[in-house]
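Residue-level structure breakdown
If you want the building blocks of each chain, they are given just below.
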Amino acid sequence: MDTTVVQEIVNALSRDVGRPVVLEDSDQQPIVHSPHYGQTDRMRRDTIMHQSTSAQTVEYFRRYDLASRTDPFVVPGNDRGVLPRLCVPLRYDEKLLGFVWVLLPEGEIDDGQRAAVERASESLAETLWLDRLSRLREGRIIEDLLNDDHDRRLRGLVAVEAKHAFDAPARSQVLVAAGPGWAVRAARRAFLMQRWVADPASQLRLVDVDEGVAVVATRPATGGSAGGLDLEALERSMGQVNLVTDDMPVVLGVGPAVASPSALPRSHRRARQAATVALRVGSSARRVSSWEGLGVYRLLIQLPREALADGVDPRLVGLVQDAPEVATTLEVYLDGGGAVAAAATALHIHRTTLYYRLEKVSEVGFDLREGEDRMTIQVGFAALRLLGRWPA
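The following refers to the structure shown. (Residues numbered from 1 in each chain as written. Predicted model: local features only at pLDDT ≥ 70, side-chain atom pairs only at ≥ 80, totals over all residues. Heavy atoms only, no water.)

Another point: the overall build of the chain. Each helix and strand counted, the chain has 15 helices and 10 strands in total. Along the first, second and third principal axes, the C-alpha atoms of the chain reach 85 × 55 × 35 Å. Within the chain, the proportion of its 392 residues that are buried is 48%. Considering only contacts within the chain whose residues lie at least 6 apart along the sequence, 62% involve residues at least 24 apart. (Helix = DSSP H or I, 4+ residues; strand = E, 2+ residues; numbered from the N terminus. Buried < 20%, exposed > 50% of the residue type's maximum accessible area, 1.4 Å probe, protein only. Contact = heavy atoms within 4.5 Å.)

Here it is in structure tokens:
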């Protein structure tokens, strides 16, 4: 959703009534909120701070049966600091789309303010309805485009090519969001809310049970990494998605840019693989994984797990299982280009200890002077990490 329009409506309503306003979706998750006007309470502050309505807050309002409401009503405050609120259910064609909440520090509003709330709510309901229709259409296009059925894929391709933002010289690519946190409904909504490229017409989005998919068009002239996408900007966007997942990660795999929309299934496959690598071996500080930057994992992720496991040298497997401290020393030493002083410093050990452990490596049959042995070890570590078997 492009939140600019609804933000303007909410801000205008807040100015008209002189009170804080929040727009939520049908799951009571915040979409936008106005600036503060006058008195507020902790429930509003927490929702804005976490960009998510807590389970406790949802449970608090459950007694008022929000989902079945059709007319505006006032939720009273309590002696625990919760202020009264006017709740306006937003419906269009009898379908519940969300809620407008107007804080009422004095407990009531006058007729003129109620009229302003009613006008704004009508505009918000229509805007949310049009956005829902747009999302459904976007999702169908992506489902068709990535489908194995030839006719459906052709239908999706025709629909994408009808969007002029994807015309040449634009290049297209796929983003895939996945991870344990994807089960959190607020995270899926946050994914939909992000603008993955500057022009809203240059993106399509789909939220599925297992993953979120964004198909984007970028222009070569925009520069940046990964075929025109700014990976740092994507990282910031994923920070918003992960803000509501309670430490369960959601990562974003970035597929390669392709010259034609017909090649988007390949970009989707690579984006999925990039996301898988990020979930298995990525740093917790990074949430974006580009196919272009996977290095040796671009090769390894394409192997079946059994073949990947069989490909690891048994001598390395033995070191990892029987002498993990030796294996750790070996990896740090090789990653540092064989610099003894740097490896000892990184491991906080004496050089004598380092040499002793490297001698243990020689005893199992590796010759660290040989380039082939060094490559065998380093690729083996990468494979074990991808398998979840290293670090131990």
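Now that the structure has been shown, we can carry on.
What follows concerns the pairing of strand β2 (residues 30-33). One ladder, built from three bridges, connects strand β1 (residues 21-25) with β2; its direction is antiparallel. Along β2, the bridge assignment pairs Leu23 with Val32. Linking β1 to β2, which pair antiparallel, is a turn of four residues; within it Gln28 sits at a positive phi near 65°. (Pairing = 2+ DSSP bridges.)

As a further point, take the environment of Thr345. Tracing the backbone through its elements, the reader meets Thr345 in helix α13 (residues 340-347). Along the backbone, Thr345 and Asp247 are 98 residues apart, and their C-alpha atoms lie at a distance of 32 Å.

Once that is clear, we can look at the side chain of Ser34. Along the chain, Ser34 turns up in the loop between β2 and α2 (42-50). Under the relative-accessibility criterion, Ser34 is labelled buried at 1%. In this structure Ser34 touches Val10, Asn11, Ser14, Arg19, Pro20, Val21 and Arg44, once residues within four positions along its chain are discounted.

What follows covers the sheet that holds strand β5 (residues 95-103). Read across the open sheet, the five strands follow the order β2-β1-β5-β4-β3; overall the sheet is antiparallel. Taken across any chain shown, the strands that pair with only one partner, and hence form the sheet edges, are β2 and β3 (73-75). Sheet twist, expressed as the average angle between the axes of neighbouring strands with direction ignored, equals 25°. Against the sheet, α2 touches β1, β2, β4 (85-92) and β5, its axis set at about 110° to β2. (Axes fitted to C-alpha atoms, helices over the stretch in contact; angles between N-to-C directions.)

Turning our attention to the packing of helix α12 (residues 324-335) against helix α14 (residues 351-363). Packed helix pairs are characterised by how far apart their axes lie and by the angle those axes make with each other. Remark: α12 packs on α14, axes separated minimally by 9 Å, with the N-to-C direction vectors making an angle of 100°. In terms of orientation, α12 lies roughly perpendicular with respect to α14. Packed against α12, whose contacting residues are Glu325, Val326, Thr329, Leu330 and Tyr333, the element α14 presents Leu354, Arg357, Leu358, Lys360 and Val361 at the interface. Residues belonging to the contact of α12 with α14 are distributed by class as follows: six nonpolar, one polar and three charged. (Parallel < 35°, antiparallel > 145°, perpendicular 65-115°, else oblique. Nonpolar A, V, L, I, M, F, W, Y, C, P; charged D, E, K, R; others polar.)

Okay, the nonpolar core next. Judged by nonpolar contacts, the single largest core of 37 residues is most densely connected at Leu316, Leu330, Leu354, Ile377 and Phe381. Breaking this core down by element, the ones donating at least two residues are α8 (264-281), α9 (297-300), α11 (314-322), α12, α13, α14 and α15 (371-386). With six residues, α15 is the single largest residue contributor to this core. (Core = buried A, V, L, I, M, F, W, Y, C linked by side-chain atoms within 4.5 Å.)

There is a patch of nonpolar side chains on the surface, built from Leu130, Leu133 and Leu136 and spanning about 270 Å² of accessible area. Its place among the elements puts Leu136 in helix α4 (residues 111-145). (Patch = residues over 30% accessible without salt bridge, like charges linked within 9 Å, V, L, I, M, F, W, Y side chains within 5 Å. Areas by Shrake-Rupley, 256 points an atom, 1.4 Å probe, with all protein chains shown as cover. Salt bridge = Lys/Arg side-chain N within 4 Å of Asp/Glu carboxyl O.)

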